[in-house]
Amino acid sequence: MPEFLDRFAPSTRVLHWLVAIPVLILMLTGLTNFWPEAKTLHLGGARIFAWLHVLLGLGFAVALLPSLLAIFSRRAARRDARELLLVRLDDYLWLQHRALRAAGLRSIAPRVGKFNAGQKVNAALATTAIIVLIGTGVVLGVNFWNKNVFDVDLVAAVFRWHTVLSLLLLPLIVGHLYMAALNPETRESLRGMTSGRVRRAWAERHHDAWAERAREASRRGAGPDRR
Amino acid sequence: MSDEPRPPPGESGAPRSRRLLSRARFLGLLAGGAALGALSTRVFGLVDGWRENTVEDGRPVFDRATYRLTVDGLVARPLSLDYDSLRSLPAVRQVSDFHCVEGWRVPNVRWDGVRFQSLAELVGPLPDARYVTFHSLGGVYRDSLSLTQARLPGVLIAYDLDGAPLSRVRGAPARLVMPRMFGYKGPKWLTRVEFRDRQDLGYWEQRGWRVDAWIRSSG
Ligand code: HEM
């Protein structure tokens, strides 16, 4: 029995970090807007954090589409994305199981594939939030350079959505970071996103259906692309 | 996050309570709900309320005993008003949207205060007076308008916001309100109105921002 199972191929890992790092920096630089001492820090007439945010935001918005096309030319990334966004009956059962357990009732855990329903819900919400943030962000970015392109009331409405979505995304990111880096039960998953492999024992506890498939594939000597 | 349905620690063997909500859980939910309620009003404040922008070293303190609003420069009858005299000048109430250059807006702000135009009539600008500079108490921030802009009907020296005296954060005791331009044209903690023959560049205009910060609005 292998000690480790291959979990994420390079294309999936590149996809993850390509989104995660800019979004995290955008969140941090954006949040400075709620901190009066930081938001007005300026070099000449340029508010430092706002500039960083807008430059990174526009760069991210422009680079994202071609990068996604390149990454999704890889089978592994496509399969992981599909698996992450696909809803199965077991996902409902998993959520029900967690709710019953949270209420102190007994319930039998359904089998879990590569991603559990919690990860899927998180992924769907975060993806939606990020798409809307980029869309609204581009309008705000254009307005940042030229105040005469859009009507102020339109800008105000867009700004409001940008704020609302970033505040909805924030707890998702915090929860995600906690699960990936701190929570002893789940933080093994971070290894999957860095080195590409996870401990088999952990995978069998948290993603039993997937672990079975992965074990089978590794016996056949297939890489993570094959499953 | 193990999914084995194992008995909770300390209860193994003992028959488990099947009540959906134990008292502790109920109290916990209640406390959680209250915390969430408190948090959500904070969050709504972040989304829809005022934001604070200042370049002063801390927020200037308004001392009612020593405060003066000085109106001077190229005028026939310079004035120095204490807080009560400012409040006893003929006042107007005005409702206008406030737009920050950053993109946020506070709709339907109710201001009470003195029209710039009334103040100008009191002091009598000299023929050379073409611009006005508005100075903050902290001594760092100031901004300016042309006399023509300042005389537009919506321009106020405001001391009440939504029916209450301005708070320290919002610029107590008075601020300039120019609804047709972005907020940076309206200094808070206003202490001096200076009539000039040439335009004095404001804090941000010295750093490249637009002098005439007209708002592009269809409304
Ligand atoms: C996807 C990740 C993003 C996150 C998490 C994010 C987060 C934020 C946050 C929290 C704020 C402060 C909102 C407020 O003050 O109410 C903000 C403001 C802003 N964002 Fe983003 N943002 C993102 C993407 C973008 C993009 C792609 C752009 C495009 C350029 C952008 C442009 C702006 C602009 C112009 C502002 C206003 C800055 C200012 O003048 O203070 N954002 N963002």
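In what follows, the accompanying structure is described. Everything numeric here is computed off the predicted structure, so don't read it as measured data.

So, on to the overall build of chain B. When helices and strands are tallied, chain B shows four helices and ten strands. What you see in chain B, going N to C, is helices and strands ordered as α-β-β-α-β-β-α-β-β-α-β-β-β-β. Counting across all 219 residues of chain B, residues that qualify as buried make up 42%. Contacts spanning at least 24 positions in sequence make up 67% of the contacts within chain B whose residues lie at least 6 apart. A total accessible area of about 11400 Å² is found for chain B, and carbon and sulfur atoms account for 54% of it.

Turning our eyes to something else, we now look at the interface of chain B and chain A. Facing 36 residues of chain B, the contacting portion of chain A comprises 42 residues. On the surface where chain B and chain A come into contact, there are four salt bridges. The shortest N-O distance in the salt bridge between B:D48 and A:R160 comes to 2.5 Å. For the pair chain B and chain A, the number of links is eleven residue pairs in polar contact (both at pLDDT 80 or more). If one sorts the elements of the side of chain B that touches chain A by residue count, helix α1 (residues 23-48) of chain B sits on top with five residues.

Turning our attention to the sheet that holds strand β5 (residues 131-136) of chain B. Residue and element names in this part refer to chain B. Here five strands make up an open sheet; going across it, the order is β2-β1-β10-β5-β6 and the pairing mixed. This sheet does not close on itself; its edge strands, each paired only once, are β2 (79-81) and β6 (142-146). In this sheet, neighbouring strand axes are inclined to one another by 15° on average, regardless of whether the strands run parallel or antiparallel. In the sheet, strand β1 (residues 69-73) pairs with strand β10 (residues 190-196) via four bridges, with the strands oriented parallel.

This paragraph deals with unusual backbone geometry. Residues and elements named next belong to chain B. Residues A172 and P173 are joined by a peptide bond in cis, for which omega reads 5°. You can see P173 is positioned in the loop between β8 (164-165) and β9 (175-177). Here the phi dihedral of N108 falls at roughly 50°; this positive angle occurs in a residue that is not glycine. Residue placement: N108 occurs in strand β4 (residues 105-115). Of the residues examined, N108 reaches a relative accessible area of 55% and is grouped as exposed. Phi is positive for D162, close to 50°, though the residue is something other than glycine. The topology assignment puts D162 in the loop between β7 (156-161) and β8. For D162, a relative accessible area of 43% corresponds to the partly exposed category.

Before going further, it helps to spend a moment on the coordination of the iron atom of the ligand. When a metal carries six donors in an octahedron, the ideal angles between them are 90 or 180 degrees, while four donors in a tetrahedron ideally lie at 109.5 degrees. All names here are of chain A. Distances from the iron atom of the ligand to its protein donors, H53 (NE2) and H162 (NE2), fall within 2.0 Å. In this structure, the iron atom of the ligand is surrounded by six donor atoms whose angles at the metal cover 83 to 179°, and the resulting shape is octahedral. Pair noted here: H53 is in helix α3 (residues 48-71) and H162 is in helix α7 (residues 152-182), with a separation of 109 residues, a long-range link. On the basis of relative accessible area, H162 is assigned to the buried category, the value being 16%.

Residue and element names in this part refer to chain B. Looking only at helix α3 (residues 116-123), the buried set comprises F116, L119, A120 and V123. Taken end-on, α3 shows its buried residues confined to a sector of 100°, consistent with a single buried face. Positive phi appears at G124, one or two residues downstream of α3, with a value of about 65°.

Another point: the environment of A:A50. For A:A50, the position within the fold is in helix α3. C-alpha separation for the pair A:A50 and A:G141, spaced 91 residues apart in sequence, amounts to 9.8 Å.

This brings us to the layout of surface pockets. All names here are of chain A. One number sums up the size of the second largest pocket: a volume of about 1100 Å³. If you trace the second largest pocket, you find 48 residues lining it, with A50, H53, V54, L140 and F144 closest to the centre. At the level of elements, α1 (10-31), β3 (46-47), α3, α6 (117-145) and α7 are the ones that each hand at least two residues to the lining of the second largest pocket. Looking at the lining of the second largest pocket element by element, the count peaks at ten residues for α6. Of the residues contributing to the lining of the second largest pocket, the split by class is 26 nonpolar, 16 polar and six charged.

The environment of the ligand is formed by 24 residues, the closest being A:N33, A:H53, A:H162, A:T163 and B:R51. At the site occupied by the ligand, the surrounding residues belong to chains A and B. The side chain of A:H162 places a nitrogen or oxygen atom 2.8 Å from a nitrogen atom of the ligand. Secondary-structure elements contributing two or more residues to the shell around the ligand are α1, α3, α6 and α7 of chain A.

Reading the values: the criteria
- Residues numbered from 1 in each chain as written.
- Chains lettered and ligands numbered in written order.
- Predicted model: local features only at pLDDT ≥ 70, side-chain atom pairs only at ≥ 80, totals over all residues.
- Heavy atoms only, no water.
- Helix = DSSP H or I, 4+ residues; strand = E, 2+ residues; numbered from the N terminus.
- Buried < 20%, exposed > 50% of the residue type's maximum accessible area, 1.4 Å probe, protein only.
- Contact = heavy atoms within 4.5 Å.
- Areas by Shrake-Rupley, 256 points an atom, 1.4 Å probe, with all protein chains shown as cover.
- Salt bridge = Lys/Arg side-chain N within 4 Å of Asp/Glu carboxyl O.
- Polar contact = N/O pair within 3.5 Å; in protein donor to acceptor, adjacent residues only side chain to side chain.
- Pairing = 2+ DSSP bridges.
- Axes fitted to C-alpha atoms, helices over the stretch in contact; angles between N-to-C directions.
- Donors = N, O, S within 2.8 Å, 3.2 Å for Na, K, Ca; no water.
- Tetrahedral: all angles 85-135°; square planar, octahedral: opposite > 155°, others 65-115°.
- Arc of directions from axis to C-beta.
- 1 Å grid on protein atoms, 1.4 Å probe; cavity = no way out; pocket = protein on both sides within 12 Å on 5 of 7 lines; lining within 4 Å.
- Points joined across faces, edges and corners; volume = space filled by probe spheres on them.
- Nonpolar A, V, L, I, M, F, W, Y, C, P; charged D, E, K, R; others polar.
- Near = heavy atom within 4 Å.

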